[in-house]
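Structure at a glance
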Amino acid sequence: MSATRRPRDLLRRLDPAQRRWGGAGLVAGLALASVLISLTGKGTPPSVSSFTGCGGPNRLTVATGADITAGSFRRDLIEEWNRTHTTQVTLVEVADRTDEERAEMVGRARLGSCAYDVFSVDVAWMAEFARSGYIRPYPLEPGEANRYVDNVLKAGQVDGVQYAVPFVTDVPLLFHRRGVPVPATMEQLWKYAAENGGYSVQLGDYEGGTVNLLEAIRSAGGRVTDGERIVVDEEDSGERVREALSRWHALLEKGVLARGAENFSKEDTFSTFRNGFLERGSKNSVEESSLRAFRDDDVAYMRNWPFAFHRLATDRSMYDDQGRLRFGMAALPGTGMLGGFNLAISAHSGNPAKARTLIDFLTGHDAQMKLFACSGYPPVLESVYEEYARNPRTCGQLLAASGTAADPTAGKGSTVPTDGPTPVPAGEDTELTGPMLQDLAAKIHQALRTAESRPQYSYYATFSEVFRSCARAVVTGDLLAKELDLARFADALRDARQGRAPAETVRSLAHCGKPEGRQGQ
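An account of the accompanying structure is given in this report.

Here the focus is the state of the cysteines. Applying the stated criterion to the full structure yields two disulfides. The disulfide partner of Cys470 is Cys512, and the S-S distance across this bridge is 1.9 Å. Here Cys470 and Cys512 share a disulfide; its torsion about the S-S bond, -85°, makes the bridge left-handed. On the criterion of sequence distance, the pair formed by Cys470 in helix 20 (residues 460-476) and Cys512 in the segment after helix 21 (486-497) is long-range, its members being 42 residues apart. No difference in accessibility class separates Cys470 from Cys512, as the two residues are buried.

Following this line, the structure appears as structure tokens:
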């Protein structure tokens with residue numbers, strides 16, 4: 001086992017409670033050293049102190065998750081900042097998966113460490129980070145607040161106080177093979193998917209699985225929560241929850257939901273949509289497989305985040321002989337859940353004023369334009385959507401206007417600006433055109449208007465794990481829908497909302513009502 005992999009492997013061996021509380025602080029320092037090795041390419045871990053905000057007045061460190069977008073352009077923005085400012089910024093990608101990312105950030109914050117000045121906080125973690133005192137309030141003047149998409153900005157509020165501002169938002173879109181009908185309702189989606197090779201979603205045992213399951217329930221008219229309340233055991237809502245999960249189990253059994261979706265993450269889903277059914281048997285895959293099936297014409301429809309558009313549209317194989325895209329996109333027919341990351345200043349940062357100046361730069365109009373055009377990050381500013389509605393510009397055009405040369409060998413989808421898809425040698429990327437970006441921006445903006453936020457709980461991670469354990473068990477067939485004990489499920493969720501995990505392990509499914517002798521494997 002290599003030195004750079006050992007800390008993360010140790011983290012994965014911890015049970016869920018250890019990962020949530022004790023494991024984060026125990027392993028954070030080792031994990032950070034591991035990530036710094038991978039970012040710097042050096043064989044020995046650099047001193048952590050040399051990558052913290054504690055080392056002097058002219059250094060900032062931003063903690064974030066791994067970048068899976070086509071261009072990884074946020075790194076370019078940090079480089080741009082470093083070229084033009086005395087204060088130098090280090091971007092630390094602390095983990096590949098959101099669950100591990102949160103554990104490492106929380107571990108540092110609980111120790112009172114000033115290792116990070118700025119956190120890139122998943123919208124689902126806002127209540128935990130704010131109420132635990134990990135981050136500072138982030139007051140905004142009315143003129144500042146009005147720049148942002150309203151419900152996206154609200155995702156940075158906790159108990160009526162603004163604690164963060166959005167860096168990138170996220171909302172699911174429906175990707176579809178060109179030539180198939182575009183559904184306007186979920187019932188139409190099931191019908192069309194059954195007739196055209198299926199629908200690829202993410203139901204893996206991670207946070208993305210929670211989001212997809214919440215969307216399934218909300219799209220069927222059910223509710224798990226209502227504000228602070230747990231309502232899954234209330235008669236009307238509870239039956240709708242049971243029916244929705246039972247329906248998705250039937251769709252999975254019939255192959256209407258892509259085979260393997262029970263283990264897919266967004267990357268797995270991408271791969272399935274893009275390349276076919278090759279990896280559908282994997283029991284531990286994450287979000288790429290749905291994209292692969294879509295690319296290979298095996299799956300006609302895919303639920304995924306906007307990042308998938310850039311990944312597909314910069315791939316020459318996704319064009320036909322006439323240079324037309326082989327796929328389209330639309331707003332999700334059902335209810336989408338809001339995703340994305342907010343930028344917040346660590347309560348322990350030694351440079352809060354400079355951290356805010358950096359955040360102003362990263363959330364500025366020009367930066368948001370480039371993040372969208374060059375990497376596909378959904379914008380958080382109304383002004384970007386307004387500009388793309390009237391004057392769409394490509395990544396290359398934006399970089400040329402700012403005097404930044406695009407590297408044609410970088411594979412970032414930021415090569416020569418074009419007015420439309422043009423033939424490109426096999427294996428090379430092509431830039432997204434203005435009309436493509438205009439359409440993508442319009443679809444994202446439309447979807448954002450109806451997207452809902454996840455429950456805002458201080459112990460959301462515990463709530464998510466308990467909810468997902470029961471809901472996912474019904475969809476995968478580990479628990480019969482009629483065996484789901486809504487009262488026990490609701491009680492377990494109420495405990496989880498307060499940070500109390502089930503007395504037995506979550507995997508046992510006893511809190512869901514699973515009979516003894518048929519415990520989860």
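What follows is about the sheet that holds strand 8 (residues 199-200). The strands making up a sheet are joined through hydrogen bonds of the backbone, oriented either antiparallel or parallel. Spatially, 8-11-7-12 is the arrangement adopted by the four strands of the open sheet, whose pairing is mixed. With one partner strand each, in any of the chains shown, strand 8 and strand 12 (327-331) form the two edges of the open sheet. Relative to strand 11 (residues 301-304), strand 7 (residues 173-177) runs antiparallel, the two sharing four bridges. Within strand 11, the residue paired with Leu173 across the bridge is Asn304. Contacting strand 7 and strand 12, helix 19 (residues 434-450) crosses the sheet at an angle of about 30° to strand 12.

With that settled, the discussion passes to the sheet that holds strand 6 (residues 165-170). Read across the sheet, five strands follow the order 2-1-3-13-6 without closing on themselves; strand pairing throughout is mixed. Strands at the two margins of the open sheet, each flanked by one partner only, are strand 2 (88-93) and strand 6. Taking the axes of each pair of neighbouring strands and ignoring which way they run, one obtains an average angle of 20° across the sheet. Note that strand 6 and strand 13 (residues 339-345) share five bridges and pair antiparallel. Its bridge partner lying in strand 13, Val165 is registered against Leu343. Taken strand by strand, helix 4 (residues 73-84) contacts strand 1 (59-64), strand 2 and strand 6, and its axis lies near 160° from that of strand 2.

As enumerated under the stated definition, the model contains 26 salt bridges in all. Its salt-bridge partner being Asp150, residue Lys154 comes within 3.2 Å of it at the nearest N-O pair. Of the two residues, Lys154 and Asp150 are both situated in helix 8 (residues 150-154); the distance of four residues between them amounts to about one turn of the helix. Using a relative accessible area of 46% as the deciding quantity, one classes Lys154 as partly exposed.

Definitions and cut-offs
- Numbers given to residues run from 1 along each chain, matching the order in which its sequence is written.
- Residues qualify for local features only when their pLDDT is at least 70, as the model is predicted, and side-chain atom pairs are given and counted only at 80 or more; totals for whole chains, interfaces and linings, by contrast, use all residues.
- For side-chain calculations, the full set of non-hydrogen atoms in the structure is used, while hydrogens and water are omitted.
- Here, a disulfide means two cysteine sulfur atoms that sit within 2.5 Å of each other.
- Runs of E in the DSSP output that reach at least two residues are strands. Runs of H or I that reach at least four are helices, and both are numbered from the N terminus.
- Under the scheme applied here, a residue whose accessible area is under 20% of the maximum for its type counts as buried, over 50% as exposed, and between as partly exposed, the area being computed with a 1.4 Å probe on protein chains only.
- In this analysis, strands are considered paired if DSSP registers two or more bridges between them.
- The contact criterion used throughout is that any non-hydrogen atoms of two residues lie within 4.5 Å.
- Only the stretch in contact is used when fitting a helix axis, every axis being a line fitted to C-alpha atoms; angles between N-to-C directions are given from 0 to 180 degrees.
- Whenever Lys or Arg places a side-chain nitrogen within 4 Å of a carboxyl oxygen from Asp or Glu, that contact is recorded as a salt bridge.

That's the geometry; what it means functionally is another story.
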